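# Structural features, examined
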Amino acid sequence: MTKKYKIVVLPGDGIGQEVVPQALKALKAVEEKNKGINFEFIEYPCGGQYWLKNGKKEEWPAETYEVCQKESDAILLGAIGWTNPDGTTVSYPDGKMVGLNILFGLRFGLDLYANIRPTKLYEGVPHKISGEFRQIWKPENVDFVVIRENTEGLYSDTHGKLDRGGKVEIATDTRLITRKGSERVINFAFDYCTQRNKGSPSDGKLRVTCIDKSNVTAGCKLFRQIYQEIAKHYPEIEQDYAFIDAFTQWIIRNPEWYDVGVVPNMFGDIATDLAAVLQGSMGMAASGNVGDEKGMFEPIHGSAPRHAGKNEANPMAAILSAHMLLDWLGNRNNDINLKNGAKQVERAIEEILKEGKIKTYDLGGSSKTSEVGDAIASRIKSF
Ligand code: IPM
Ligand code: MG
């Protein structure tokens, strides 16, 4: 009997509600195309808009976390966070963004310690730099993956403030870097590099770059030390080091050097938004948050209130996140059908970008979100 995979779908806020349905079209096309794939999609509303709509009672229906934890085979998320009409972020009275409990609840609660963020440039994608679309980097030179630590660092819940007579005088965020947290994500990066088996575009060598600020911070010194301990067990992978500040210029000047990088949490957050420029747009940047048991896949862009409700956002990051979901689920379950499905999704995107007719505004086109989703789904069915 064919196994049924339960996918929890959390479109969330803003353009999340427009791009996730396109990713679902791709997943349904894969299901239709490949015998032996059977999905059950369970969708929940969530985020700032949902909170406003239900009278500020809840960020997501009460059972959602438990369903994610106990029943999901994988989770697909759109975007979290919304803005008020005056431009401020929809927040709780204490200033915390509404929706963060969902994102961090899942990342921390399900222990999704590795955030896989591929930076891959597809043929036909131009770069919009300073108002103009140009071809700057060559597709064959941009193909690396950043593994961002996802459960500690500056994102650990160790914030504090000193309140004197109603005025906040001091605010602190403790950057927590642990041996366990570093070991598991660095091991993950080396294993990922081995399995990916692509190497750096510049010389074909398998390489894991340790990205840190170990010339200054104690946490990064520990991170780098653990990297060196682990690297010894992977003699076939080249060791490589970059301080985060230098890394941000090297990936722009010399992206072809990089294969896989591993980086503490917030540095990874910042570096991968920058890396999205190499991919043409935030609308192309996908990610997977994975742990030993669970996986949640999401585009790295936000809810983009300015573009929401206009059917103009680029759904490719969400569809590429669905591609990552299929690949991860396929590996986990040793399911060749899912792995084939993953390949079909990427191939459809590759072909459509290369042809250059269907693309959203961020890539210099005028296609609608739903048109891109339809084109990708029908391409998958045509294979
Ligand atoms: C990301 C986002 C989140 C993060 C925000 C929405 C909290 O920027 O996934 O990169 O900082 O992790
Ligand atoms: Mg980010």
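What comes next is a walk through the structure. Quantities reported herein were computed from a predicted structural model and do not represent experimental measurements.

This part covers the site of ligand 1. All residues adjacent to ligand 1 are Leu100, Leu103, Phe104, Arg107, Arg117, Arg148, Tyr155 and Asp269. Between ligand 1 and Asp269 there is a distance of 2.8 Å, counted from an oxygen atom to a side-chain nitrogen or oxygen. Out of a free accessible area of 320 Å², ligand 1 has 76% covered by protein chains. Cavity membership is defined here by more than half of the atoms lying within 2 Å of grid points; on that basis ligand 1 lies in the second largest pocket. Residue composition of the shell around ligand 1, by class: four nonpolar, no polar and four charged. Both domains that meet at the shell around ligand 1, namely domain 1 (1–118 + 285–383) and domain 2 (127–279), each give it at least three residues.

Taken together, the ten strands give an open sheet; going across it, the order is E2-E1-E3-E14-E13-E4-E7-E12-E10-E11, and neighbouring strands pair in mixed fashion. The open sheet terminates on both sides in strands that have one partner only, identified here as strand E2 (38–43) and strand E11 (238–243). Taking the axes of each pair of neighbouring strands and ignoring which way they run, one obtains an average angle of 25° across the sheet. As paired elements, strand E3 (residues 74–79) and strand E14 (residues 295–299) share two bridges and run parallel to each other. Of the residues in E14, the one forming a bridge with Ile75 is Met296. Across the face of the sheet, helix H6 (residues 218–231) comes into contact with strand E10 (207–212), E11 and strand E12 (260–263) while running at roughly 170° to E11.

The rules behind the values
Residues numbered from 1 in each chain as written. Chains lettered and ligands numbered in written order. Predicted model: local features only at pLDDT ≥ 70, side-chain atom pairs only at ≥ 80, totals over all residues. Heavy atoms only, no water. Near = heavy atom within 4 Å. Polar contact = N/O pair within 3.5 Å; in protein donor to acceptor, adjacent residues only side chain to side chain. Areas by Shrake-Rupley, 256 points an atom, 1.4 Å probe, with all protein chains shown as cover. 1 Å grid on protein atoms, 1.4 Å probe; cavity = no way out; pocket = protein on both sides within 12 Å on 5 of 7 lines; lining within 4 Å. Sits in = over half its atoms within 2 Å of the grid points. Nonpolar A, V, L, I, M, F, W, Y, C, P; charged D, E, K, R; others polar. Domains from an automatic or database assignment. Pairing = 2+ DSSP bridges. Helix = DSSP H or I, 4+ residues; strand = E, 2+ residues; numbered from the N terminus. Axes fitted to C-alpha atoms, helices over the stretch in contact; angles between N-to-C directions. Contact = heavy atoms within 4.5 Å.

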